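The residues making up each chain are set out below.
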Amino acid sequence: MTEAPGAAPDPVPGPGAVLVLGEALIDLVPTAGDAEAHLAQPGGAPANVATGLARLSTPSWFAGALGSDGFARSIERRLVSAGVELGLCARPDLPTALAVADPGPEGTGYHFHLQDTATFQLPRRMDVERFAAVYVGGLAAVVEPAASAVALTARAAAAGGPLLVVDPNVREDRTLDAAEGARLLRELCELGQVVKASDEDLARLWPDSTPDETCRRLAAGGRLVVLTRGSRGSTAYTGSAEPVSVPAVRVEVVNTIGAGDAFMAAMITWMVSRGVHPGGAREFTPALAEEMLGFASRVAASVVAQAGTEPSLP
């Protein structure tokens, strides 16, 4: 394609750029002191990760779909203000999906409004070899037509080139096919070179094994596997080495929404900044694993200690 005279060339990923594929939607979160009022805030695990990467000064390219309503404009402002590159986004003329948050003592549940929305009309072909790492996960991994695009991109990344990072981020709701979703997420975990999952994620995906047993099995295949347990900290599994655990950073909890995504963004930032390659999971020493988990825990704590979901460097 010939550029118009004076037109700026399309931006291309620079060294250390990360491709984030998935959904950007709106979380409707109950406001404190008023059970009937909800605050609309941009969310979606992949969009949170893309924003977190940019806030941590890692070149972040978000490949999602932004609709045509006011919610989409709000999401775009958030991503752009963080420094996320949106040149790969699709722009369908449809409304934005909604996730109604239901916070509780055991974590936050969600009820989804997904039908006939722009959110899952993802671009289908990504030049993954241009990136240092590719992140996949979230609702887009299990909701069509996005799920097919996610699987296609993940297979391309796994075939060679960038570091494929997977966060299954299991969500349960009556609008989702639990059995099919679990199958798709298990396949993604088996493809990934790095897998970050909560103990709840793994209990849902592999109910016949303990989270520890599942992590050891996945790590035995040459993966770096990180298990998060909320306030109980995190554990890294690498091959046949003994797992390495780091406690969560103690803070006064204000909000838990987005903490796992901030942890994920920090992990990717740490790995990309040190040039971890697709085979690098096998080379993680206990000291390196402890350093990475400590950094990610401090970044996650920066989200837990505030009302929003924007992480900051420790």
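See the structure shown above.
Definitions and cut-offs
- Residues numbered from 1 in each chain as written.
- Predicted model: local features only at pLDDT ≥ 70, side-chain atom pairs only at ≥ 80, totals over all residues.
- Heavy atoms only, no water.
- Buried < 20%, exposed > 50% of the residue type's maximum accessible area, 1.4 Å probe, protein only.
- Helix = DSSP H or I, 4+ residues; strand = E, 2+ residues; numbered from the N terminus.
- Pairing = 2+ DSSP bridges.
- Right-handed = clockwise from strand over helix to strand, strands pointing away.
- 1 Å grid on protein atoms, 1.4 Å probe; cavity = no way out; pocket = protein on both sides within 12 Å on 5 of 7 lines; lining within 4 Å.
- Points joined across faces, edges and corners; volume = space filled by probe spheres on them.
- Nonpolar A, V, L, I, M, F, W, Y, C, P; charged D, E, K, R; others polar.
- Core = buried A, V, L, I, M, F, W, Y, C linked by side-chain atoms within 4.5 Å.
- Contact = heavy atoms within 4.5 Å.
- Axes fitted to C-alpha atoms, helices over the stretch in contact; angles between N-to-C directions.
- Parallel < 35°, antiparallel > 145°, perpendicular 65-115°, else oblique.
- Left-handed = near helix turned anticlockwise from the far one by under 90°.

Undergrad: I'm lost on the pairing of strand β7 (residues 133-137) in this one. Help?
TA: Where burial is concerned, most of β7 is hidden: five out of the five residues are buried. Two elements, β7 and strand β8 (residues 163-167), share five bridges in a ladder whose sense is parallel. Each bridged residue has a counterpart across the sheet, and for Val134 the counterpart in β8 is Leu164. Handedness of the crossover is the feature at issue here: the chain leaves β7, passes through helix α3 (residues 146-158), returns alongside β8, and the resulting connection is right-handed.

Undergrad: In this structure, what is going on with the layout of surface pockets? I would like to understand it.
TA: Over the atoms rolls a probe the size of a water molecule, and its path tells where empty space is left. The volume enclosed by the second largest pocket comes to roughly 280 Å³. Lining the second largest pocket are 18 residues, and of these Leu114, Val143, Glu144, Thr175 and Leu176 lie nearest its centre. Listing elements by their share of the lining of the second largest pocket, those giving two or more residues are β6 (107-113) and α4 (178-191). When residues of the lining of the second largest pocket are assigned to their parent elements, the largest contribution, three residues, is made by α4. Residues that form the lining of the second largest pocket fall into these classes: eight nonpolar, six polar and four charged.

Undergrad: Help me out: how do you make sense of the nonpolar core in this one?
TA: Across soluble globular proteins, you tend to see nonpolar side chains buried next to one another. One finds Leu19 and Val136 to be the most contacted residues of the largest nonpolar core, which totals 52 residues. Ignoring any residue separated from it by four or fewer positions in sequence, one finds Val136 in contact with Leu21, Val150, Ala154, Leu164, Val165, Val166, Asp167 and Leu188.

Undergrad: Would you explain empty space enclosed by the protein in this entry?
TA: Throughout the structure, instances matching the rule amount to one cavity of 30 Å³ or more. Space inside the largest cavity adds up to approximately 30 Å³. Taken together, Ala236, Thr238, Ala241, Glu242, Val244, Thr285, Pro286 and Ala289 make up the lining of the largest cavity. Those elements that provide at least two residues to the lining of the largest cavity are β11 (234-238) and α8 (286-304). Counted by class, the lining of the largest cavity contains five nonpolar, two polar and one charged residues.

Undergrad: How do you make sense of the pairing of strand β9 (residues 194-198) when you look at a structure like this?
TA: Within a regular beta strand, the side chains point alternately toward one face of the sheet and then the other, so they alternate between its two faces. Where burial is concerned, most of β9 is hidden: five out of the five residues are buried. Of the two faces of β9, the one holding Val194, Lys196 and Ser198 and the one holding Val195 and Ala197 are both buried throughout. Pairing of β8 with β9, which is carried by two bridges, proceeds in the parallel orientation. Directly across from Val166, in β9, lies its bridge partner Val195. At this point the chain moves from β8, through α4, to the parallel β9, and the crossover so formed is right-handed. In this structure, β9 lies alongside strand β10 (residues 224-228), joined through five bridges in parallel fashion. Following the sheet pairing, Lys196 is matched in β10 by Val226.

Undergrad: Where do I start with the packing of α3 against α4 in this structure?
TA: Helix-helix packing is characterised by the crossing angle of the two axes and by the distance between the axes. Between α3 and α4, the least distance of the axes is 10 Å, while the angle of their chain directions is 15°. Here α3 is positioned roughly parallel relative to α4, judged by the angle of their axes. You can see that α3 and α4 cross each other, and the crossing is left-handed. Within the contact between the two elements, α3 uses Ala147, Val150, Ala154, Arg155 and Ala158 and α4 uses Leu184, Leu188 and Leu191. Among the residues forming the contact of α3 with α4, the class breakdown is seven nonpolar, no polar and one charged.

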